[in-house]
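Analysis of the macromolecular model
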Amino acid sequence: MTRFRLTVEFDGRPFMGWQRQSHGPSVQQAIEGAVTATTGETPAVHAAGRTDAGVHGRAMVAHVDVERPIPAFRLGEALNAHLRPAPVSILAVEEAPDDWHARFSCLGRRYIYRIVNRRAPLTFDRGLAWQLAMPLDDQAMHRAAQLLVGRHDFTTFRSAHCQAESPVKTLDRLDVRRSGETIEIEAAARSFLHHQVRSMVGCLALVGQGRWSQDDLADALVAADRARLGLNAPPDGLYFVEAVYPG
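Just so it is clear, the model here is predicted, and its values are computed rather than measured. (Residues numbered from 1 in each chain as written. Predicted model: local features only at pLDDT ≥ 70, side-chain atom pairs only at ≥ 80, totals over all residues. Heavy atoms only, no water.)

**With respect to the overall build of the chain**
The helix and strand inventory of the chain stands at five helices and ten strands. Relative to the compact-globule value of 18 Å for 247 residues, the chain shows a C-alpha radius of gyration of 19 Å, a close match. Taking the principal axes of its C-alpha atoms as reference, the chain extends roughly 60 × 40 × 35 Å. Buried positions account for 52% of the 247 residues belonging to the chain. Accessible surface for the chain amounts to roughly 11,700 Å². Of this, 49% is attributable to carbon and sulfur atoms. (Helix = DSSP H or I, 4+ residues; strand = E, 2+ residues; numbered from the N terminus. Rg over C-alpha atoms; globule rule 2.2 N^0.38 Å. Buried < 20%, exposed > 50% of the residue type's maximum accessible area, 1.4 Å probe, protein only. Areas by Shrake-Rupley, 256 points an atom, 1.4 Å probe, with all protein chains shown as cover.)

Structure below.
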């Protein structure tokens, strides 16, 4: 048995999310199908994190255990061949220690959320970014974002369907930066609650539009009440970009 570490890129639009679902296609299901077609085996593919329907991955990390002897490069080539035409690509495959786990060995996760701030309709970025026509003050968004950095009860920014044992999380970084009409919000933490990033982005957008102040955001955080959430951003602009491991 060999454990392989996979680095995966995917367009989340056709999928119900990473996790295998009974009511629609998932990224996990697509990769497991490719593993079966390649090896004749039916192992589970484990990932560093889960993503919602419509959320994308630039470098999701996963692992799979394979009994059949096969070089890492050949496995990657075969998986990509069987994944076509699904918008899923195996960027890298390497052997991993038997005790290494894509989820439980992960020390941190990083997401980026993309907003296109313009009035003209999206073409290339349709479904790949959140379009907001009203001008956004990205500097005000960044200043407000720093109120959320640190250890807090993020109940307000947590989905009602979240399965985490505790709403308390430590947010290591939440940065807002603009390049032309594109605003990127980068969030980094050991782990996140369900919908946490999208909920934080939605409220920061309200700040950028001048509809919320920093005090409004601070009050929403302290309230620890989902009913105080201002806005939950759509999945279109959210990307899983990095999983951090020891060494």
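**A short note on the nonpolar core**
Counting residues in each nonpolar core, the largest one holds 72 residues, and the members touching the most others are W18, I31, I115 and I185. Among the elements that make up this core, the one with the highest residue count is helix α4 (residues 196-208) (eight residues). Sequence-distant contacts of I31, defined by excluding residues within four places in its chain, comprise L6, V8, W18, V45, L83, V88 and I90. (Core = buried A, V, L, I, M, F, W, Y, C linked by side-chain atoms within 4.5 Å. Contact = heavy atoms within 4.5 Å.)

**Description of the state of the cysteines**
The tally for this structure, following the rule as stated, stands at zero disulfides. For the unlinked cysteine C162, the closest cysteine sulfur is that of C203, found at 16 Å. Judged by relative accessible area, which is 14%, C162 ranks as buried. Under the relative-accessibility criterion, C203 is labelled buried at 0%. (Disulfide = S-S within 2.5 Å.)

**What about the pairing of strand β5 (residues 108-116)?**
With nine of nine residues buried, β5 is to be regarded as a mostly interior element. Side-chain alternation along β5 places G108, R110, I112, R114 and V116 on one buried face and R109, Y111, Y113 and I115 on a second face that is also buried. Two elements, β5 and strand β9 (residues 182-189), share eight bridges in a ladder whose sense is antiparallel. The residue of β9 that forms the bridge with R109 is A189. (Pairing = 2+ DSSP bridges.)

**A look at helix α3 (residues 138-145)**
Along α3, the residues that are buried comprise D138, A140, M141, A144 and A145. An end-on view of α3 places all buried positions within 160 degrees of arc, on one side of the element. In this fold, the buried residues of α3 make contact with β5, β8 (168-179), β9, α4 and α5 (214-223). Its side-chain oxygen at 3.1 Å from the backbone nitrogen of Q139, D137 defines the N-terminal cap of α3. (Arc of directions from axis to C-beta. Polar contact = N/O pair within 3.5 Å; in protein donor to acceptor, adjacent residues only side chain to side chain.)

**Some remarks on the packing of helix α1 (residues 27-39) against helix α2 (residues 72-83)**
With their axes 8 Å apart at the nearest point, α1 and α2 run at an angle of 115 degrees to one another. As α1 runs across α2, the sense of the crossing is right-handed. Contact residues: A30, I31, A34, V35, A37 and T38 in α1; L75, A78, L79, H82 and L83 in α2. Within the contact of α1 with α2, the residues separate by chemical class into nine nonpolar, two polar and no charged. (Axes fitted to C-alpha atoms, helices over the stretch in contact; angles between N-to-C directions. Left-handed = near helix turned anticlockwise from the far one by under 90°. Nonpolar A, V, L, I, M, F, W, Y, C, P; charged D, E, K, R; others polar.)

**Comments concerning unusual backbone geometry**
Here R84 and P85 are connected by a cis peptide whose omega angle stands at 5 degrees. Tracing the sequence through the fold places P85 in the loop between α2 and β4 (88-96). One non-glycine residue with positive phi stands out, namely H195, at about 75 degrees. Locating H195 in the fold gives a position in the loop between β9 and α4. Positive phi values are uncommon outside glycine, yet A224 reaches one of about 50 degrees. Position of A224 among the secondary structure elements: in the loop between α5 and β10 (238-244). Residue classification places A224 among the partly exposed positions, given a relative accessible area of 28%.

In short, the description is geometric, and any link to function would need to be established separately.
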